Amino acid sequence: MRSSACSIGLRGSPLSLAQLKELEGLMQEAQIALELKPSLIETKGDKDLTLSLRECPKSDLFTHEIDRCQQGGTIRLSLHSAKDLPDPLPTGLEIAALTHGLDPGDSLVLREGETLSSLKTNSLIATSSDRRTAAVKELRADLLFREIRGKIHQRLEALYEREVDGVVIAEAALIRLSLTHLNRYPLPGPTTPLQGQLAIVCREGDEEMRLLFAKLDARRTTRILYFGLNPEHFKGSLPRNCHLFHYPLIAIHPLSANNPLLQQVVEEMPRFTHIIFTSKTAARLLADLLPLDHLQQKSLIAIGRVTAATLNGLGLKVAQIAEDESAEGLIDT
């Protein structure tokens, strides 16, 4: 039986609350009928801003306290920035879903009116990542760097108070906090794996939650094998986690009226007593090549009701209709 409400643990930062709101919006779109009861938990990474992120990649710095609550049964679910998850996850926990996420890039935020070229040599850029440092150096090799920790607004405050001249922030965080009006420059190169995505974590064996959030899981890709001719029919109608494989088994090539095969059909038409139309396209093509009175003198057989309706629409009477639109239908007729 599906739960109507569920406890979910997360950090208490404005960004975490924005992520929760995003998750609730995704759930509403996917028609996941579950009320989330948030439990705000302060983590080691929130308390101690002196710890260097450069020295503890893929640690549980931002998840440990939340993990313990979840392992102990205080909360059923937890919500994290996917890039913050430890690898591997603690015993007894598993990822129920990874969302498709937002822009995975990084941005260098500057004060209003400043540009990359206007920054003075040795201007100070704030970041706690070696990778982000290298990306900024690709743009300006003459800049200096200092480590910075804290919530997004604290890092931006350091910029506006002129403690630093630029600060690197994930673009997804700026989007979620409605800060895309800030003066910023996208950084080149790769970013941290899973950046911009959200991770919904459940306890191992919680099949109900895992199935419930499967609709949001970017790892769960629906694959459709399409044998038809025009995949454009599907444009805009497939979900984001769906991939269409197109392998047409037949191809239709329009014939011109001057085609020798068609000319031969027209020339030999007086010899035929019956004409079998296998498609509406064939019906229209032959009607364009021959006077209708020539066709009206023949016994016309249509494969399928759509073909028959096309012939009727052209003013032609159909003698027989094969109900089964296949070779077997023709045999039955």
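Residues numbered from 1 in each chain as written. Predicted model: local features only at pLDDT ≥ 70, side-chain atom pairs only at ≥ 80, totals over all residues. Heavy atoms only, no water.

1. Let's talk about the pairing of strand β3 (residues 77–81)
Phase 1 of the analysis: Most of β3 sits inside the fold, with five of its five residues counted as buried.
Phase 2 of the analysis: Residues Leu77, Leu79 and Ser81 line one face of β3 and the alternating positions Ser78 and His80 line the opposite face, and both faces are buried.
Phase 3 of the analysis: Of the strand pairs in this sheet, strand β1 (residues 5–10) and β3 are connected by two bridges, and their pairing is parallel. Note that in β3 the partner of glycine 9 across the bridge is serine 78. (Buried < 20%, exposed > 50% of the residue type's maximum accessible area, 1.4 Å probe, protein only. Helix = DSSP H or I, 4+ residues; strand = E, 2+ residues; numbered from the N terminus. Pairing = 2+ DSSP bridges.)

2. Brief notes about the environment of isoleucine 152
Phase 1 of the analysis: With respect to the helices, strands and loops of the structure, isoleucine 152 is situated in helix α5 (residues 152–160).
Phase 2 of the analysis: Through-space distance from the C-alpha of isoleucine 152 to that of isoleucine 169 is 7.7 Å; in sequence the pair is 17 residues apart.
Phase 3 of the analysis: When near neighbours in sequence (up to four residues on either side) are disregarded, isoleucine 152 contacts Ile169, Ala173, Leu177 and Leu179. (Contact = heavy atoms within 4.5 Å.)

3. Overview of helix α4 (residues 130–139)
Phase 1 of the analysis: Taken together, the buried positions of α4 are Arg132, Thr133, Ala135 and Val136. The buried residues of α4 occupy an angular sector of 160° when the element is viewed end-on, so they sit on one face. Across from the buried face of α4, at angles greater than 90 degrees, the exposed residues are Asp130 and Glu138.
Phase 2 of the analysis: Its buried side turned inward, α4 meets β5 (106–109), β6 (124–126), β7 (144–146) and β8 (166–170). (Arc of directions from axis to C-beta.)

4. Things to note about the pairing of strand β10 (residues 198–203)
Phase 1 of the analysis: When you tally the buried positions in β10, you get five out of six residues, the bulk of the element.
Phase 2 of the analysis: Here five bridges tie β3 to β10, and the two strands are oriented antiparallel to one another. Paired with leucine 79 across the two strands is isoleucine 200, which belongs to β10.
Phase 3 of the analysis: As judged from the five bridges shared by strand β4 (residues 93–98) and β10, these two strands associate in the antiparallel manner. Of the residues in β10, the one forming a bridge with isoleucine 95 is valine 201.

5. Observations regarding the side chain of glutamine 70
Phase 1 of the analysis: Residue position: glutamine 70 is located in helix α3 (residues 64–71).
Phase 2 of the analysis: For glutamine 70, the side chain forms a polar contact with the main-chain oxygen of valine 201, separated by 2.8 Å.
Phase 3 of the analysis: Dropping the residues within four chain positions of it, glutamine 70 is found in contact with Ile75, Arg76, Leu77, Ser78, Leu93, Val201, Cys202 and Arg203. (Polar contact = N/O pair within 3.5 Å; in protein donor to acceptor, adjacent residues only side chain to side chain.)

6. Side note on the pattern of salt bridges
Phase 1 of the analysis: A complete count under the given rule lists 17 salt bridges for this structure.
Phase 2 of the analysis: Residues glutamate 35 and lysine 37 are paired through a salt bridge, measuring 2.9 Å at the closest nitrogen-oxygen approach.
Phase 3 of the analysis: With a shortest N-O distance of 3.4 Å, glutamate 114 and arginine 111 are connected by a salt bridge. There is no split in this pair, since glutamate 114 and arginine 111 are both buried.
Phase 4 of the analysis: Residues participating in the shared-partner salt-bridge network are Arg11, Asp46, Lys83 and Asp84. (Salt bridge = Lys/Arg side-chain N within 4 Å of Asp/Glu carboxyl O.)

7. Regarding the confidence of the model for the protein chain
Phase 1 of the analysis: Averaged over all residues, the pLDDT of the protein chain is 87; the fraction at 70 or higher stands at 88%.
Phase 2 of the analysis: For the protein chain, per-element mean pLDDT is lowest for helix α12 (residues 327–332), which scores 53, and highest for β10, which scores 98. (pLDDT = per-residue confidence, 0-100.)

8. Some details on the packing of helix α9 (residues 280–289) against helix α11 (residues 305–313)
A pair of packed helices can be characterised by two numbers: the angle between their axes and the separation between those axes.
Phase 1 of the analysis: Viewed as axis vectors pointing N to C, α9 and α11 meet at an angle of 25°, and their least axial separation amounts to 8 Å. Taken together, the axes of α9 and α11 are roughly parallel relative to one another. Crossing angle aside, the handedness with which α9 passes α11 is right-handed. Across the interface between the two elements, Lys280, Ala283 and Arg284 from α9 touch Val306, Thr307, Thr310 and Leu311 from α11.
Phase 2 of the analysis: In the contact of α9 with α11, the residues fall into three nonpolar, two polar and two charged. (Axes fitted to C-alpha atoms, helices over the stretch in contact; angles between N-to-C directions. Parallel < 35°, antiparallel > 145°, perpendicular 65-115°, else oblique. Left-handed = near helix turned anticlockwise from the far one by under 90°. Nonpolar A, V, L, I, M, F, W, Y, C, P; charged D, E, K, R; others polar.)

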